[in-house]
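Each chain is listed here by its residues.
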Amino acid sequence: MEKHATAIRVSGLRKSYKNVPVLTGVEFEVARGSIFALLGSNGAGKTTIIRILSTLLPPDEGAAEVNGFDVRADAAQVRGSISLTGQFAAVDEILTGRENMVMIGRLRRVDNPGRVADELLGRFGLAEAAGRRVATYSGGMRRRLDIAMSLIGDPPVIFLDEPTTGLDPEGRIEVWQVIQKLAHSGTTILLTTQYLDEAEKLADRIAILHDGTIIVSGTLAELRELLPPATVEYVERQPTLEEIFLAIVGQR
Ligand code: ADP
């Protein structure tokens with residue numbers, strides 16, 4: 001497949017539900033092989049953007065490209081370039097972890113689904129649990145299995161919609177480690193989150209979605225430059241992403 005330096009390109013994106021505008025001109029780009037965090041409060045429109053990028057929902061206006069393909073004109077190629085995972089874990093509880101993986105491998109017609117399953121289960125620390133029913137897994141293990149399943153067939157771009165919502169702290173750390181490993185292997189990751197520490201920990205670039213648009217975006221260091229460091233008795237303290245977020249959102 002042809003490689004594009006920009007994995008995701010969104011411009012002038014608008015979407016309303018009935019007469020309620022949710023996206024009012026969203027622009028951003030995600031470089032290939034990077035982790036991009038779309039940060040916003042509940043209801044900001046993060047899932048709407050993911051649904052448009054994964055061709056599940058048509059935009060009202062604007063353009064969106066994934067892996068060099070237009071979401072409207074080349075929907076089938078976009079679908080062939082992505083995987084989507086997140087809050088609604090698609091795993092079958094009755095089956096074992098390995099059976100889930102092999103089933104998806106067969107559906108996606110990969111060569112040797114058993115070998116692909118074992119390789120991914122090992123990569124995500126699920127080799128020992130592979131023969132157990134998913135019903136016995138912890139929340140973090142299920143989410144890791146869900147991410148492993150989404151990687152069958154090696155999609156270049158993956159969307160993680162609130163990958164750690166509902167997990168306990170231990171489960172969140174497990175999932176973070178999986179996401180970091182993925183990015184190191186060259187996959188482009190767009191994740192949505194309402195957790196500032198998640199964006200701070202994982203993302204190469206962060207965009208804050210508020211009132212229908214991206215109000216700021218950049219690296220954490222760039223976002224920090226938007227606020228002066230707090231000075232306490234000659235010791236400079238860098239603002240946290242939470243302080244930046246609240247200051248910027250609060251100004252509006
Ligand atoms: P987020 O993922 O950031 O929480 P969403 O994209 O899910 O936000 O939703 C953005 C806004 O659009 C919310 O106010 C939500 O209630 C509304 N919304 C989402 N889906 C629909 C729908 N199918 N019909 C009407 N309103 C919707």
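Up top you'll find the structure we're talking about.
The rules we used
Residues numbered from 1 in each chain as written. Predicted model: local features only at pLDDT ≥ 70, side-chain atom pairs only at ≥ 80, totals over all residues. Heavy atoms only, no water. Helix = DSSP H or I, 4+ residues; strand = E, 2+ residues; numbered from the N terminus. Axes fitted to C-alpha atoms, helices over the stretch in contact; angles between N-to-C directions. Parallel < 35°, antiparallel > 145°, perpendicular 65-115°, else oblique. Left-handed = near helix turned anticlockwise from the far one by under 90°. Contact = heavy atoms within 4.5 Å. Nonpolar A, V, L, I, M, F, W, Y, C, P; charged D, E, K, R; others polar. Buried < 20%, exposed > 50% of the residue type's maximum accessible area, 1.4 Å probe, protein only. Phe/Tyr/Trp six-rings, centres within 6.5 Å; stacked < 30°, edge-to-face > 60°. Arc of directions from axis to C-beta.

Caption draft 1: How the structure looks around unusual backbone geometry. Not every positive phi belongs to a glycine, and T55 is a case in point at roughly 70°. Tracing the backbone through its elements, the reader meets T55 in the loop between helix 1 (46-53) and strand 4 (61-66). One non-glycine residue with positive phi stands out, namely N112, at about 50°. Following the sequence through the fold, N112 ends up in the loop between helix 3 (97-107) and helix 4 (113-123).

Caption draft 2: Structural view of the packing of helix 5 (residues 139-150) against helix 6 (residues 169-184). Axis separation between helix 5 and helix 6 bottoms out at 8 Å; the angle between their running directions is 20°. Looking at the two axes, helix 5 sits roughly parallel to helix 6. Regarding helix 5 and helix 6, the two cross each other, and that crossing is right-handed. Residues G140, M141, R143, R144 and I147 of helix 5 pack against G171, E174, V175, V178 and L182 of helix 6. Of the residues in the contact of helix 5 with helix 6, the class split is five nonpolar, two polar and three charged.

Caption draft 3: Quick peek at helix 3. Looking only at helix 3, the buried set comprises G97, N100, M101, V102, I104 and G105. Tucked into the core, helix 3 has its buried residues touching helix 4 and helix 5. Following helix 3 by one or two positions, R109 adopts a phi angle in the positive range, close to 55°.

Caption draft 4: Looking closely at the packing of aromatic side chains. Counted under the stated rule, the structure contains one aromatic pair. Ring geometry for F28 and F36: centres 5.0 Å apart, planes at 15°, overall stacked. Residue F36 is classed as buried on the basis of its relative accessible area, which comes to 3%.

Caption draft 5: How the structure looks around helix 9 (residues 241-250). Three or more residues of helix 9 are buried, namely L241, I244, F245, I248 and V249. Looking down the long axis of helix 9, one finds its buried residues gathered within 115° of arc, a one-sided arrangement. Those residues of helix 9 that are exposed and aimed more than 90 degrees away from the buried face are L246 and G250. Buried-residue contacts for helix 9 involve strand 3 (35-39), helix 7 (196-202), strand 9 (205-210), strand 10 (213-218) and helix 8 (220-224).

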